[in-house]
Amino acid sequence: MPRKIAAGNWKMHGDGAALAELDALIAAAAPGVEIVICPPATLIARMADRARGSAVAIGGQTCHHAATGAHTGDISAAMLVDAGATHVILGHSERRADHAESDAQIRAQAQASLAAGLIPILCVGETEAERDADVTLAVVTGQLAAAVPDLAPDTAGASLVVAYEPVWAIGTGRVPTTAQIAEVHGAIRAHLADRFGAAAQDIPLLYGGSVKPGNAAEIFAVANVDGALVGGASLKATDFSGIIGALSAA
Ligand code: 13P
């Protein structure tokens, strides 16, 4: 059985005043749920210090594939580890759109993350035009084929998390039907099983896109949904605790 994970992507939100929210999130921990908060890079070290020994892990939102070098503005996987991160979101659709990140770059970032000891939370998902054109499964499995690096089958379940985030559901309040989520998550599981065999059953698959306390239980009841990658509703512990509670009960 995969681990249950409630991951929060804070995107470009939060400053020092948000550290109090982290305390409330730590208090919202629930049995059987791993909580990962991915704040802006400026908060990673402070949050990791503050969360040490709690049920909350801290992650980055991207990293560079190189270990060091002349890459102004970038952060390496080893630097995230040095700051106290244990996870890193890779291939988020906002990185793909804003920074033209390709699947090949995301694969290199994932390899660097694994080498540094970080767990990548690798994001895939179709645009609205792609869903309308009925190519969702081809898009998602194509992203997986190109962006997921080779993993040792015996450790695959512990070293990778995959998040399915339909681009049109992010920040819009629109959510796929449970049948649509089940179809894509099933296809992701099958793709990973082709590559990694039985270990694919242990890779947590998260759904992301307008997850709220009010729809979380319905989403977590879908086959092959092992948690959520949450944007807006992860910023306030009062909202995120409802999602964590729903996952704990699922
Ligand atoms: P929202 O939960 O705000 O829709 O964002 C989802 C997301 O992009 C998480 O990575």
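Before any of the text, the structure's been laid out above.
Note that this is a predicted model, so its numbers are computed, not measured.

Colleague: Could you give me a rundown of the overall build of the chain, with the residues and numbers involved?
Modeller: Along its length, the chain carries eleven helices and eight strands. Based on the C-alpha atoms only, the size of the chain along its principal axes is roughly 45 × 45 × 35 Å. Of the contacts formed within the chain by residues at least 6 apart in sequence, a portion of 72% connects residues at least 24 apart. Surface exposure of the chain reaches about 10200 Å², of which carbon and sulfur atoms provide 56%. Within the chain, the 25 negative side-chain charges are centred at a point lying 4 Å from the centre of the 15 positive side-chain charges.

Colleague: Any details on the packing of helix α10 (residues 213-220) against helix α11 (residues 237-249)? Residues and values, ideally.
Modeller: Orientation of α10 relative to α11, taken along the N-to-C sense of each, is 20 degrees, at an axis distance of 8 Å. Between α10 and α11, the crossing angle belongs to the class labelled roughly parallel. At the point where α10 passes α11, the crossing takes the right-handed sense. Two secondary-structure elements touch here, α10 through P213, A216, A217 and F220 and α11 through D239, G242, I243, A246 and L247. Considering only residue class, the contact of α10 with α11 consists of seven nonpolar, one polar and one charged.

Colleague: Which residues make up the site of the ligand, and what are the values?
Modeller: Near the ligand there are 13 residues, and of these K11, H92, E165, G171 and S210 occur at the shortest range. At 3.0 Å, a side-chain N or O of N9 approaches an oxygen atom of the ligand. In this structure, an oxygen atom belonging to the ligand sits 2.8 Å away from a side-chain N or O atom of K11. For the ligand, the accessible surface in isolation is 300 Å², of which the surrounding protein chains cover 96%.

Colleague: Residues and numbers for the environment of I75, please.
Modeller: For I75, the location among the structural elements is in the loop between β3 (56-60) and α3 (77-83). Separated by 34 residues in the primary sequence, I75 and A41 place their C-alpha atoms 8.7 Å from one another. Ignoring anything within four residues of it in the chain, the contact list for I75 reads A41, C63, H64 and L80.

Colleague: So what's going on with the pairing of strand β7 (residues 205-208)? Residues and values would help.
Modeller: Covered by surrounding structure in β7 are L205 and Y207 together with L206 and G208, the residues of both alternating faces. Across three bridges, strand β6 (residues 161-164) lies against β7 in parallel orientation. Bridging from a neighbouring strand, A163 pairs with L206 of β7. In this structure, β7 lies alongside strand β8 (residues 227-230), joined through three bridges in parallel fashion. Of the residues in β8, the one forming a bridge with G208 is L229. One crossover worth recording links β7 to the parallel β8 by way of α10, and it is right-handed.

What counts and what doesn't
- Residues numbered from 1 in each chain as written.
- Predicted model: local features only at pLDDT ≥ 70, side-chain atom pairs only at ≥ 80, totals over all residues.
- Heavy atoms only, no water.
- Helix = DSSP H or I, 4+ residues; strand = E, 2+ residues; numbered from the N terminus.
- Contact = heavy atoms within 4.5 Å.
- Areas by Shrake-Rupley, 256 points an atom, 1.4 Å probe, with all protein chains shown as cover.
- Lys, Arg positive; Asp, Glu negative; His and termini not counted.
- Charge placed at Lys NZ, Arg CZ, Asp CG, Glu CD.
- Axes fitted to C-alpha atoms, helices over the stretch in contact; angles between N-to-C directions.
- Parallel < 35°, antiparallel > 145°, perpendicular 65-115°, else oblique.
- Left-handed = near helix turned anticlockwise from the far one by under 90°.
- Nonpolar A, V, L, I, M, F, W, Y, C, P; charged D, E, K, R; others polar.
- Near = heavy atom within 4 Å.
- Polar contact = N/O pair within 3.5 Å; in protein donor to acceptor, adjacent residues only side chain to side chain.
- Buried < 20%, exposed > 50% of the residue type's maximum accessible area, 1.4 Å probe, protein only.
- Pairing = 2+ DSSP bridges.
- Right-handed = clockwise from strand over helix to strand, strands pointing away.

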